[in-house]
Amino acid sequence: MSTTTRAAVFSTPGAPLALEDLRLADPGPGEVLVRIHASGVCHSDLHVVDGGWPVDGPTVLGHEGAGVVERVGPGVGGLAVGDRVMLSWFAPCRACRRCSAGEAWLCEDTRALENVLPDGSSRLSRPDGTVVAPYLGLGTFSELVVAPRSAVVRAPDDVPFEVAALIGCAVTTGIGAVTNTAEVRPGRSAVVLGCGGVGLATVLGLALVGADPIVAVDLSDERLEVARSLGATVTLRGDDPDLAAHVQRATGGADFVFEAIGSGRTIESAIAMTGRGGAAVLVGMPGAGVQATFDPFVLADQGKRVLGCNYGSSVPDVDFPRIARLYATGRLPLDRLLGDRRPLDQVDGALADLQAAVGLRTVLVP
Ligand SMILES: [Zn+2]
Ligand SMILES: [Zn+2]
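Residues numbered from 1 in each chain as written. Chains lettered and ligands numbered in written order. Predicted model: local features only at pLDDT ≥ 70, side-chain atom pairs only at ≥ 80, totals over all residues. Heavy atoms only, no water.

**Things to note about the nonpolar core**
The biggest cluster of nonpolar side chains holds 96 residues, and the ones touching the most others in it are Ile 167, Phe 258 and Leu 334. At 7 residues, helix H5 (residues 197–209) tops the list of elements feeding residues into this core. Built from parts of two domains, this core gets at least three residues from each of domain 1 (2–168 + 333–365) and domain 2 (171–312). Val 191, Val 247, Met 273 and Ala 280 belong to the second-largest nonpolar core, a separate cluster that totals 15 residues. (Core = buried A, V, L, I, M, F, W, Y, C linked by side-chain atoms within 4.5 Å. Buried < 20%, exposed > 50% of the residue type's maximum accessible area, 1.4 Å probe, protein only. Helix = DSSP H or I, 4+ residues; strand = E, 2+ residues; numbered from the N terminus. Domains from an automatic or database assignment.)

Here is the structure:
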């Protein structure tokens, strides 16, 4: 048995995504059919479209989604038809030693990064039988998604779908970078380089834990204004030739510098800006092959650390509900990260805005 879903399909870098009606097979054992109500447009989608990450087409992009359970496969527990859910793009295997140690973000056996379901297959195909891959095991630029149970987390009723979608990637990455990866304590100084979805979520996380000062850096005055409204106490333009000196003056040597772009040059700046005993936290995902250099003497001499951060070092089943509760109780104004809401057929425009660093997080509503 199968159903039909309209989805945005990637074929080759640089080409527009094509809206296609695909066949979607029923959810198998341990899988869940979800009707997507909102899907954020993230840099990790753009990396595929612009060729920064090599991915074979045809693939349905999108990995930051929320919706409603429409059907559950055999053996699925803890979820019922009609449940509102948030999706994780890193379905942990729940069996490897990392998962057993509560470090799902380091799962050694997830197949999500191969753009397949845990059994190595896809439920998506074209009418002619060509198999279509689900990006990061999800492919949320689609009306319907078959997701592994370990990628599906129930969402509270008082969290709108747009916000729930962002919790699935940008929000958890940014807030987790602060609370999990860096474990920032009150009064510590922090810099955020790049105020896209993840960078602004990082600012929110820093405000939540009481970091001070919070320095936000971006090339867009609009985004800097938003950063200030979310809790940044100092805003600086990334193209200011005296940026490093301004950061030094504001922080006296930053305890934490969060790089939320994934650019080699900005990573180098982040490490250089980090103060004695501080940490540069690499949150942005670099394109394939990006290199960065640093002076190892300075790193050793000044006791600096460089922390890698994937998905905010988060465990979806633990961190998603926690963040959703903080939103619902008014402690995290996540709706202020939201930009345009667009229908699925405007996905290319949304990706172009992301490339141009225009506006806030766009959410597609299939
Ligand atoms: Zn993402
Ligand atoms: Zn695992």
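**Focus on the sheet that holds strand S4 (residues 59–60)**
Taken in spatial order, the 5 strands close into a barrel running S1-S2-S7-S8-S4, and their pairing is mixed. By the bridge criterion, 2 bridges tie strand S7 (residues 124–125) to strand S8 (residues 131–134) in an arrangement that is antiparallel. The residue bridging Ser 125 from the neighbouring strand is Val 131, located in S8. (Pairing = 2+ DSSP bridges.)

**Notes on the domain arrangement of the chain**
Entries for the chain in the domain assignment read domain 1 (2–168 + 333–365) and domain 2 (171–312). Taking only C-alpha atoms, the centre of domain 1 and the centre of domain 2 are 28 Å apart. Across the contact, 21 residues belong to domain 1 and 19 residues belong to domain 2. Both faces considered, domain 1 and domain 2 share a buried interface measuring about 1700 Å² in area, 60% of it formed by carbon and sulfur atoms. Of all residues in domain 1, Arg 336, Leu 337 and Leu 360 bury the most surface against domain 2, accounting for 27% of the area lost on that side. Between the two partners, domain 1 and domain 2, sit 0 salt bridges. One can count 9 residue pairs in polar contact (both at pLDDT 80 or more) joining domain 1 with domain 2. Taken together, the residues of the side of domain 1 that touches domain 2 sort by class into 14 nonpolar, 5 polar and 2 charged. (Contact = heavy atoms within 4.5 Å. Buried area = accessible area lost by both parts, 1.4 Å probe. Salt bridge = Lys/Arg side-chain N within 4 Å of Asp/Glu carboxyl O. Polar contact = N/O pair within 3.5 Å; in protein donor to acceptor, adjacent residues only side chain to side chain. Nonpolar A, V, L, I, M, F, W, Y, C, P; charged D, E, K, R; others polar.)

**Considering the coordination of the zinc ion (ligand 1)**
For the zinc ion (ligand 1), the full set of protein donor atoms is Cys 42 (SG), His 63 (NE2) and Cys 169 (SG), and the range of their distances to it is 2.1 to 2.2 Å. As a motif over one chain, the donors of the zinc ion (ligand 1) read C-x20-H-x105-C. Of the two residues, His 63 sits in the loop between S4 and strand S5 (65–72) while Cys 169 sits in the loop between helix H3 (161–167) and helix H4 (170–181), which places them 106 residues apart along the sequence. The two residues His 63 and Cys 169 agree in class, both being buried. (Donors = N, O, S within 2.8 Å, 3.2 Å for Na, K, Ca; no water.)

**Re the environment of Gln 248**
If you trace the backbone, Gln 248 turns up in helix H7 (residues 243–251). Taking relative accessible area as the criterion, Gln 248 reaches 44% and is therefore assigned partly exposed. Remark: the alpha-carbon pair of Gln 248 and Gly 275, spanning 27 residues in sequence, is separated by 8.4 Å.

**Some remarks on the side chain of Glu 64**
Tracing the chain through its elements places Glu 64 in the loop between S4 and S5. Among the residues examined, Glu 64 registers a relative accessible area of 0% and is labelled buried. A distance of 2.9 Å separates a polar atom in the side chain of Glu 64 from the backbone nitrogen of Ala 170. There is a polar contact of 2.8 Å between the side chain of Glu 64 and the side chain of Arg 361. Each residue touching Glu 64, except ones within four places of it in the same chain, is listed here: Ala 38, Ser 39, Gly 40, Val 41, Cys 42, Thr 140, Ala 165, Leu 166, Gly 168, Cys 169, Ala 170 and Arg 361.

**A word on the coordination of the zinc ion (ligand 2)**
Bound to the zinc ion (ligand 2) on the protein side are Cys 93 (SG), Cys 96 (SG), Cys 99 (SG) and Cys 107 (SG), at distances that span 2.3 to 2.4 Å. Seen from the zinc ion (ligand 2), its 4 donor atoms lie at angles of 102 to 117°, and the figure they make is tetrahedral. Read from N- to C-terminus, the donor residues coordinating the zinc ion (ligand 2) fall into the pattern C-x2-C-x2-C-x7-C. For Cys 93, a relative accessible area of 27% corresponds to the partly exposed category. (Tetrahedral: all angles 85-135°; square planar, octahedral: opposite > 155°, others 65-115°.)

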